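# Descriptive analysis of the structure
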Amino acid sequence: MPTSAPRHEPVADPRALLTELGERVLEREGIPMFLALQVPSHATDQPRGPARADAEGEELAGLLRHYRGALVPDAPDDAEPALIEVLQVMGAAHFTPQATAAQKDEARR
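Residues numbered from 1 in each chain as written. Predicted model: local features only at pLDDT ≥ 70, side-chain atom pairs only at ≥ 80, totals over all residues. Heavy atoms only, no water.

Our focus in this paragraph is the confidence of the model for the chain. Per-residue confidence for the chain averages 75 on the pLDDT scale, and 60% of its residues sit at or above 70. Per-residue pLDDT stays below 50 along residues 1–5; that stretch engages in seven contacts with residues further than four places along the chain or on separate chains. (pLDDT = per-residue confidence, 0-100. Contact = heavy atoms within 4.5 Å.)

This is the structure:
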């Protein structure tokens, strides 16, 4: 049984996934979403969570940076439409029931 956080592998073509998401009728299916929290720099002296949670958080932050670079590399950091695109891909690729089942299967191997 694995003791580390599950590995989230980035999708090969996030732009194609975003296009596919745009063609779906999400108001009928629901919209998978990923929530990213940013800790203010002055709060870094706060107690940290369990090592596993920290490791998974770092991994997800890396994925967020990866998709941002792949989808909207020239957008300003506070560009809301760019963030929405990145979060749509994160949600669909990593937080739908199908993606979660695939990650669990991979972790069992």
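Let us look at the environment of Asp13. With respect to the helices and strands, the residue Asp13 is situated in the segment before helix H1 (14–23). On the accessibility criterion, Asp13 (44% relative accessible area) is partly exposed. Remark: the alpha-carbon pair of Asp13 and Tyr67, spanning 54 residues in sequence, is separated by 9.7 Å. (Helix = DSSP H or I, 4+ residues; strand = E, 2+ residues; numbered from the N terminus. Buried < 20%, exposed > 50% of the residue type's maximum accessible area, 1.4 Å probe, protein only.)

Here we take up helix H3 (residues 51–71). Helix length check: H3 (21 residues) gives 30 Å between terminal C-alpha atoms against 30 Å at 1.5 Å per residue, within 8%. All of the buried residues in H3 are Glu59, Leu60, Leu63, Leu64, Tyr67 and Leu71. Summarising the axial view, the buried residues of H3 lie within an arc of 145°, below the 170-degree limit, and thus occupy one face. For H3, the exposed residues set more than 90 degrees away from the buried face come down to Ala51, Glu58 and Arg65. (Expected span 1.5 Å × (residues − 1). Arc of directions from axis to C-beta.)

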